[in-house]
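Descriptive analysis of the structure
Now for the letters of each chain:
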Amino acid sequence: MSDKIIIFDTTLRDGEQSPGASMNIQEKFRLAQQLVKLNVDVIEAGFPVASTGDFDCVKNIADRIKDVQVAGLARTNKKDIDAAWEALKFAEAPRIHTFLATSDIHMKHKLKMNREQVLELAVESVRHAAKYTSNIEFSAEDASRSDLDFVCEVFEAVIKAGATTLNYPDTTGYALPEEFGEQVRYLMENIPSIDKAVMSVHCHNDLGLAVANSLAAIKSGARQVECTVNGLGERAGNTAMEELVMAVRTRADRMHVHTDIVTEQIHASSNLVTSITGIHVQPNKAIVGANAFAHEAGIHQDGVLKERTTYEIMNPRDIGLTEGNIVLGKHSGRHALKQRIESMGYTLTDDEINRVFGRFKQLADVKKEMFEEDLESILMDEVLRIPETYKLLSLGVMSGSKTLPTAALKMIIDGRELEGSAIGVGPIDATFRAIAQLTKTRSKLLYFSVNSITGGTDAQGDVLVRIEDEGKVVVGQGTDPDIITAAAKAYLNGLNRLVYLNKESK
Ligand code: KIV
Ligand code: ZN
């Protein structure tokens, strides 16, 4: 049997560090449930000391999610480690993940510490964590730009202090695959107690090499890879889980290792992360991009029809892509809908089923065919709904080639019904101006996009906005067969998130 690669998923921690990717407690919990279905080995649920909101999210996952290790991040100080443990202590398999930089650049300019001090602090912190658990990961931040012999010294010392996983991050995404592989090999050969710990890597994608570097590290003996769904993460992101896993699987002939990931859950996981964060993957993104299995050239189409493997190195079914996923029609009953929702991985209360069913019927009345994507968008709205300080009651818009675009709307704001209207450059501008007047928001619209969820002119419009208020950036999403209404919903969803975020961080 080949060696197993431990998949450490950090979508909820490093992934959330992507600008605009902040997730609330229910969204993180829902994503953690999906990560269990994907069968990741470790979920890094957050950085408990960072805020009470972060602490609560980690605790909520640690307390309620089973069949997976749950990790919490901590700097190398007692306060961070104590907070991490407090959040993690009821998890089935808790892991404290503590980190300290080892590169000369970081030690000199950021930490203002010398090597002896860093070594001592690393050991002291791991010893402190060991009072709570034997599952301890130590990361040498900016390791790939550190003196390798110093990293060996630190890793050897932390193993003796109780660390069971040693993480070697390419924090700045600077390394090249061959070089990174050599570095990991050097560590494997020069840490005397390496057999008592698992070697892990955590690569950033600044040069687009995170997956390649992780694969090179595996070749050199790393047995844990840290990654995120859709490659989300700080700056250019982290190793994309789906790419790493499918590379290991598709090229098992050369890699000689395996993961325990249920690859059929990849597509659903990617969609969920997109829905929650509002960050779409580019169409040509490997594995999960809309074009990843689309064949445009006639010669290719012809080849695939004759024999799929002529141009396909992976079977789309292996990542959970199925064709013709028409879900149900307007005559479908509550029971059929419930079954379909369960097959999509959701477990809902009766009240939630009733709400989803109501929305489903409304949409099915105006749309001929209902796709899984339509149902997913209703589920996102109804199940992961955040409290609605602002709620749209009705919207009327006038526009046309000879008409001054005007929007009139009714809203409920903090329980009070209010009406407003505005004119604008176009119908969406008019709608947003009317909303801004009524809500008195000072937020700035950073980004606006419209897509259709499925094909056809009766498809639902899916609008995404990114808005900023006092340095906080949130994403708002709205779907509706009418794109102006979808835009209004997206804007209000963003504003509601801002209110929620401000309350959560207090
Ligand atoms: O990029 C990095 O170095 C990190 C560490 C905390 C592992 O995210
Ligand atoms: Zn990172």
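Up top is the structure these notes are about.
Because the structure is predicted, anything quoted here is derived from the model rather than measured.

Phe138, Phe155, Leu166, Tyr168 and Met199 are the most contacted members of the largest nonpolar core, which totals 107 residues. A total of nine residues in this core trace back to one element, the largest contributor, which is helix 6 (residues 148-161). Counting residues domain by domain, this core receives three or more from each of domain 1 (3-277) and domain 2 (298-384). Those residues in contact with Leu166 that lie beyond four places of it in its chain are Phe138, Phe155, Val158, Ile159, Ile191, Ile194, Ala197, Val198, Met199 and Ser200. Listed in part, the 24 residues of the second largest apolar core include Val463, Ala487, Ala488 and Leu501.

Now for the pattern of salt bridges. Applying the stated criterion across every chain, the model contains 28 salt bridges. We note a salt bridge from Asp63 to Lys59, for which the minimum N-O separation is 2.9 Å. With Asp63 and Lys59 both in helix 2 (residues 52-64) and four residues apart, this pair spans about one turn of that helix. With relative accessibility at 28%, the residue Asp63 sits in the partly exposed group. Look at Lys59 and you get partly exposed, because its relative accessible area is 24%.

Now for the pairing of strand 15 (residues 416-423). Remember that side chains alternate between the two faces of the sheet whenever the strand is regular. Relative to strand 15, strand 14 (residues 403-413) runs antiparallel, the two being bridged by eight bridges. Note that in strand 15 the partner of Lys410 across the bridge is Glu419. Between the antiparallel neighbours strand 14 and strand 15 lie two residues, among them Asp414 with a positive phi of about 50°.

What counts, and where the lines are drawn
- Residues numbered from 1 in each chain as written.
- Chains lettered and ligands numbered in written order.
- Predicted model: local features only at pLDDT ≥ 70, side-chain atom pairs only at ≥ 80, totals over all residues.
- Heavy atoms only, no water.
- Core = buried A, V, L, I, M, F, W, Y, C linked by side-chain atoms within 4.5 Å.
- Buried < 20%, exposed > 50% of the residue type's maximum accessible area, 1.4 Å probe, protein only.
- Helix = DSSP H or I, 4+ residues; strand = E, 2+ residues; numbered from the N terminus.
- Domains from an automatic or database assignment.
- Contact = heavy atoms within 4.5 Å.
- Salt bridge = Lys/Arg side-chain N within 4 Å of Asp/Glu carboxyl O.
- Pairing = 2+ DSSP bridges.

Read these as geometric descriptors, not functional statements.
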